[in-house]
Amino acid sequence: MRVGHKCVVVLVLVLLHPLRCPAADSRPTAISLYSARLTSNHIEHFLTDEELDFKASYLLALAVSHSFGGWRDNLSYGLEAQLVKHFNLQTHWEVNLLGILRWEKFLWDAWLDTSAAFGLGASYATDKPEIEIQNDGETARTLVYLMFELAAVPFKSQPQWEIITRIHHRSNAFGLVAEDGGSNALALGLRYRF
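Only a predicted model underlies this, so the values are computations on that prediction, with no experimental measurement involved. (Residues numbered from 1 in each chain as written. Predicted model: local features only at pLDDT ≥ 70, side-chain atom pairs only at ≥ 80, totals over all residues. Heavy atoms only, no water.)

Draft legend 1. Just the environment of Ser 115, in detail. For Ser 115, the location among the structural elements is in strand β5 (residues 114–125). Overall, the relative accessible area of 3% leaves Ser 115 in the buried class. When the C-alpha atoms of Ser 115 and Glu 162 are compared, they prove to be 9.8 Å apart, with 47 residues separating the residues in sequence. The contacts of Ser 115, once residues within four sequence positions are left out, are Arg 102, Trp 103, Glu 104, Phe 106, Glu 149, Leu 150 and Ala 151. One polar contact links Ser 115 to Arg 102, side chain to side chain, over a distance of 3.0 Å. (Helix = DSSP H or I, 4+ residues; strand = E, 2+ residues; numbered from the N terminus. Buried < 20%, exposed > 50% of the residue type's maximum accessible area, 1.4 Å probe, protein only. Contact = heavy atoms within 4.5 Å. Polar contact = N/O pair within 3.5 Å; in protein donor to acceptor, adjacent residues only side chain to side chain.)

If you want it as structure tokens, here you go:
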């Protein structure tokens, strides 16, 4: 068995045999709905004081996620599938499938229950996104998908509802999957856990 096949087998075994995470097990499945506005910025600009250059292009995403387990009460892992519709400057559909790592515990959780997540996977667009062509000169339909998210439970009496903000990112992965292409959108939405 080749090394690549061994890695896939180990990953499947880990996903099928979770380490038990009480935070994730209480409501392991979620549906999220969020809207985002695209920018011409690179992803590192979201972490600096550089002004974001928003475009007149939007997306609406429906995501279904499931947490399979985690480590103690701190970290959970799972999968998410997204169906995305773009509006205005681009009108294509986008499908994303990603693995997610979520940090569940923060010092201020007694006042505002918060989590932070990172997701990595694949993204497929039904047409070459116009914003990506404007940003980089060219793009591809299939790119790498990244997600960075902060989520908060606004009401302790309704712990199944979360407000989410995320960076919705398509990337050529420094030329690994395509010569050029990539886009970033800043999103705000709601999640319902069950």
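Draft legend 2. Spatial organisation of the pairing of strand β4 (residues 93–103). By the alternation rule, side chains of β4 split into Glu 94, Asn 96, Leu 98, Ile 100 and Arg 102, which are all buried, and Trp 93, Val 95, Leu 97, Gly 99, Leu 101 and Trp 103, of which none is buried. As paired strands, strand β3 (residues 75–88) and β4 are joined by eleven bridges and run antiparallel to one another. What sits directly across from Tyr 77, in β4, is Leu 101. Linking β3 back to β4 in an antiparallel pair, the connection comprises four residues. Bridge count between β4 and β5: ten bridges; the pairing is antiparallel. (Pairing = 2+ DSSP bridges.)

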